Amino acid sequence: MASNTTPLWLFDLDNTLHNASHAIFPAINANMNRIITRVLEEGGHPCDEAAVNHLRRHYWKLYGATLLGMVRHHGVRIEDFLHEAHLFDDLPGMVRAERGIGRWLRQLPGHKILLTNAPHRYSRELVRHLGLHRHFSHHLSIESMHVHRQLRPKPSRLMLRKLLARHKIAPHRCILVEDTVDNLRSARQLGVRTAWVTQYLRGSQALLGHIGGQRVLSRLPGYVDVKVRSVRHLPRRLAALGARR
């Protein structure tokens, strides 16, 4: 539980703390496409590449996660989809990240929670590989994001409200650090402060589908308190985020 004076940081993982667009997202996209192709084929639906890509992108835009569309409309089991979508031959070899992330996280006052729409097994392995696990007091993966027995991943306001209540912290004392603008906008609607990490946006735009692709914004959105290229810039932007050392 955070105190009344220190912030609670909510950190996204993929394309925020590391470059998922380099190799991991392409592999996840390929895995998802195999799942969707099989499901469509078994249901007697068109399963060519265009149809599969369209469905993956459509469900992401509609629900915030391709997984939810596959569960709700095709009866896919959550556990099966997450497991198969995150199978990699060599995850450590696919990781690209800046050096010194742990040092920058240590400079941020308050507790830190990893809040990711990725599954627990994958995110746990990745964070340990990056050497960042010791910096997070809690690790909330997509399996933890249930509200009233319904899966509610980011950008769900219901899920965020439940998280804030659990940690007994006012929204304005909480800071969400993300690359995905839809998640930032949803958090800001609750009063959560927001930091937008942008250095991997170009890669995510090229991979329209897994994360939906980021919209190109001509100016800073009103729901973003701070825009930074990298998490390394967060310590110098504490005042703008209302955070104290």
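We now turn to the structure provided with this report. The structure displayed is predicted, hence computed values, not measured ones.

1. Looking at helix α7 (residues 120-130)
Part 1 of the argument: Taken as a whole, α7 has its buried residues at Y122, S123, L126 and V127. Buried residues of α7 fall within an arc of 120 degrees about the axis and therefore sit on the same side. Of the exposed residues in α7, the ones pointing more than 90 degrees away from its buried face are R121 and R128.
Part 2 of the argument: In this structure, the buried residues of α7 make contact with α1 (24-42), α5 (91-94), β2 (111-115) and β3 (138-140).
Part 3 of the argument: Of the residues trailing α7, G131 is marked for its positive phi of about 75 degrees.

2. Observations concerning a positive patch on the surface
Part 1 of the argument: Judged by side-chain charge, R103, R106, R121, R124, R128 and R134 come together as a positively charged surface patch.
Part 2 of the argument: For the positive patch, the secondary structure elements donating two or more residues are α6 (101-106) and α7.
Part 3 of the argument: Here the element with the most residues in the positive patch is α7; it accounts for 3 residues.
Part 4 of the argument: Among the structural elements, R106 can be located in helix α6.

3. Observations concerning helix α8 (residues 157-166)
Because each turn of an α-helix spans 3.6 residues, side chains separated by three or four positions end up pointing in the same direction.
Part 1 of the argument: Inspection of α8 places M159, L160, L163 and L164 among the buried residues, and these make up the whole buried set. End-on, the buried residues of α8 take up no more than an arc of 135 degrees, which puts them together on one face.
Part 2 of the argument: Against the buried residues of α8 lie β1 (8-11), β2, β3, β4 (146-147), β6 (174-178) and α9 (181-189).
Part 3 of the argument: Capping the start of α8, S156 holds a side-chain oxygen 3.3 Å from the backbone nitrogen of L158, two or three residues further along.
Part 4 of the argument: Phi turns positive, to about 50 degrees, at K168, one or two residues after α8.

4. What about the layout of surface pockets?
Part 1 of the argument: In this structure, the second largest pocket spans a volume of roughly 240 Å³.
Part 2 of the argument: As for the second largest pocket, its lining consists of 14 residues, of which H83, H86, L87, R121 and Y122 are closest to the centre.
Part 3 of the argument: Looking at the lining of the second largest pocket, the elements that each hand over two or more residues are α4 (78-85), α5 and α7.
Part 4 of the argument: Counting residues per element, the lining of the second largest pocket draws most heavily on α7, at 3 residues.
Part 5 of the argument: Its residues assigned to classes, the lining of the second largest pocket comprises 7 nonpolar, 2 polar and 5 charged.

5. Details of unusual backbone geometry
Part 1 of the argument: That bond from K154 to P155 is cis: its omega, 15 degrees, falls within 30 degrees of zero.
Part 2 of the argument: Residues other than glycine seldom take positive phi values, yet R149 does so here, at roughly 65 degrees.
Part 3 of the argument: Take R149: it is sitting in the loop between β4 and β5 (150-151).
Part 4 of the argument: We note that K168 has phi near 50 degrees; this positive angle belongs to a residue other than glycine.
Part 5 of the argument: Looking at the secondary structure, you find K168 in the loop between α8 and β6.
Part 6 of the argument: Note on K168: relative accessible area 62%, which makes it exposed.

6. Examining the packing of helix α2 (residues 49-63) against helix α3 (residues 66-74)
Part 1 of the argument: At a minimum axis distance of 7 Å, the contact between α2 and α3 shows a crossing angle of 100 degrees. Considering the angle they form, α2 stands roughly perpendicular to α3. Between α2 and α3, the residues in contact are L55, R56, Y59, W60 and Y63 and T66, L68, G69, M70, R72, H73 and H74, respectively.
Part 2 of the argument: The residue makeup of the contact of α2 with α3, split by class, is 6 nonpolar, 4 polar and 2 charged.

7. A word on the side chain of T194
Part 1 of the argument: Checked against the element boundaries, T194 lands in strand β7 (residues 193-197).
Part 2 of the argument: Apart from residues no more than four positions distant in its own chain, T194 is found in contact with L176, L184, A187, R188, Y223, V224, D225, V226 and L241.

Here is what the cut-offs are and how they apply
Residues numbered from 1 in each chain as written. Predicted model: local features only at pLDDT ≥ 70, side-chain atom pairs only at ≥ 80, totals over all residues. Heavy atoms only, no water. Buried < 20%, exposed > 50% of the residue type's maximum accessible area, 1.4 Å probe, protein only. Helix = DSSP H or I, 4+ residues; strand = E, 2+ residues; numbered from the N terminus. Arc of directions from axis to C-beta. Contact = heavy atoms within 4.5 Å. Patch = residues over 30% accessible without salt bridge, like charges linked within 9 Å, V, L, I, M, F, W, Y side chains within 5 Å. Areas by Shrake-Rupley, 256 points an atom, 1.4 Å probe, with all protein chains shown as cover. Salt bridge = Lys/Arg side-chain N within 4 Å of Asp/Glu carboxyl O. Lys, Arg positive; Asp, Glu negative; His and termini not counted. Charge placed at Lys NZ, Arg CZ, Asp CG, Glu CD. Polar contact = N/O pair within 3.5 Å; in protein donor to acceptor, adjacent residues only side chain to side chain. 1 Å grid on protein atoms, 1.4 Å probe; cavity = no way out; pocket = protein on both sides within 12 Å on 5 of 7 lines; lining within 4 Å. Points joined across faces, edges and corners; volume = space filled by probe spheres on them. Nonpolar A, V, L, I, M, F, W, Y, C, P; charged D, E, K, R; others polar. Axes fitted to C-alpha atoms, helices over the stretch in contact; angles between N-to-C directions. Parallel < 35°, antiparallel > 145°, perpendicular 65-115°, else oblique.

Purely geometric numbers; function is a separate question.
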